[in-house]
Structure formats: C-alpha cells, structure tokens
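Report on the structure
These are the residues of each chain, in order.
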Amino acid sequence: MNNYNIISKSDSVKLSPEAIVGFKCLSCIEAKNEVCPFCGSMHSALPMQEVIAVGFGNALLTKNGECLYSEMEAQSCNDYISVAEAEELAAADPCHDWRIHLITPFSERHYQRQGECHWVLYEKGEGFA
C-alpha cells in the first residue's frame, strides 16, 4: 500500500492511508474510470447523482457497519437518498468507514467512501437469488 510523506519543519513523517482517513481503505476492483489515490490502480467510482435504491432487493448506507439508511425502510420513492446526500453525511463525519451496498437478485455491488466524493467499488457478488 502507498504511504504519504508529511513534511514538517523538523523532518518528514510517513503515514499510511489508514492514519490519514481513520479507517482501513479496502482494495478497489474493476478497472474502469479513475485512479485510486490509495492503491494506485484503476477502479469504478459511484456517481454522485445516482439514487441509493435498486427496486427489487435492498440498498443500504452504513457507517462503521451500522445501517443509517435502508431502501426497504423508505415510505415512498421520495424518501430515497442519492449518493450526493450520503456524501453530505459522510463529509460531516469523514473519519469513519462509510459504505453503500446495492443488493439485487442477480447482482451485489459494495462501495466504500475513500475521500471526498469518492465512493469506490470494493466487492461484487451474484446477488441473493
């Protein structure tokens, strides 16, 4: 994993990405559109305008494993949140492990916030069917 040098007046100190963000950044998968600042490889990032909902299945927003939003608990489509709204919550409390989970019958995609407006795909699955 990459280390970052922080230069002070006295000397240089090396910090791991975990020390910078406050949690362990998971390895990203599926090279597509952006270079990860933590691992240096190409990966897929979740667009800010996407709604956190899947229709049949469930979509979740978690903070340190605790569910803060579930599509299944929404009363109507008007209660769904977007990735941009999740980003606002995460930006207000950034030193935690924020994740978005999109679970459908034939597909699962799991994203972790790894910096400002940067939700990275770290795991894919076959879904629950």
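Note: the structure precedes this text.
Here the structure is a predicted model, which is why all the values come from computation and not from measurement.

Here we look at the pattern of salt bridges
Here the structure, examined in full by the defined rule, presents 3 salt bridges. Note that R113 and E87 form a salt bridge whose closest N and O atoms lie 2.6 Å from each other. In this pair, R113 sits in strand β8 (residues 107–113) while E87 sits in helix α2 (residues 83–92), placing the two residues 26 residues apart along the sequence. Here the two residues R113 and E87 agree in accessibility, since each one is buried. Between D97 and R99 there is a salt bridge whose closest N-O contact spans 2.7 Å.

Observations concerning the pairing of β8
Pairing analysis gives 6 bridges linking strand β7 (residues 98–104) to β8, with the strands arranged antiparallel. When the bridges of β8 are listed, T104 appears paired with S107. Here β7 folds back onto β8 in antiparallel fashion, the turn holding 2 residues. Both β8 and strand β9 (residues 119–125) contribute to a ladder of 6 bridges, which runs antiparallel. Bridge pairing in β9 links Q112 to V120. Hairpin geometry of β8 and β9 is characterised by an intervening segment of 5 residues between the two adjacent antiparallel strands and by a positive phi of about 125° at G115.

Some words on the side chain of N58
Position of N58 relative to the elements: it lies in strand β5 (residues 58–63). Residue class for N58 comes out buried when judged on its relative accessible area of 12%. Engagement of the side chain of N58 in a polar contact is seen with the backbone nitrogen of M72, the distance being 3.2 Å. Aside from chain neighbours lying at most four places away, what touches N58 is S70, E71, M72, H101, L102 and I103.

About the criteria used
Residues numbered from 1 in each chain as written. Predicted model: local features only at pLDDT ≥ 70, side-chain atom pairs only at ≥ 80, totals over all residues. Heavy atoms only, no water. Salt bridge = Lys/Arg side-chain N within 4 Å of Asp/Glu carboxyl O. Helix = DSSP H or I, 4+ residues; strand = E, 2+ residues; numbered from the N terminus. Buried < 20%, exposed > 50% of the residue type's maximum accessible area, 1.4 Å probe, protein only. Pairing = 2+ DSSP bridges. Polar contact = N/O pair within 3.5 Å; in protein donor to acceptor, adjacent residues only side chain to side chain. Contact = heavy atoms within 4.5 Å.

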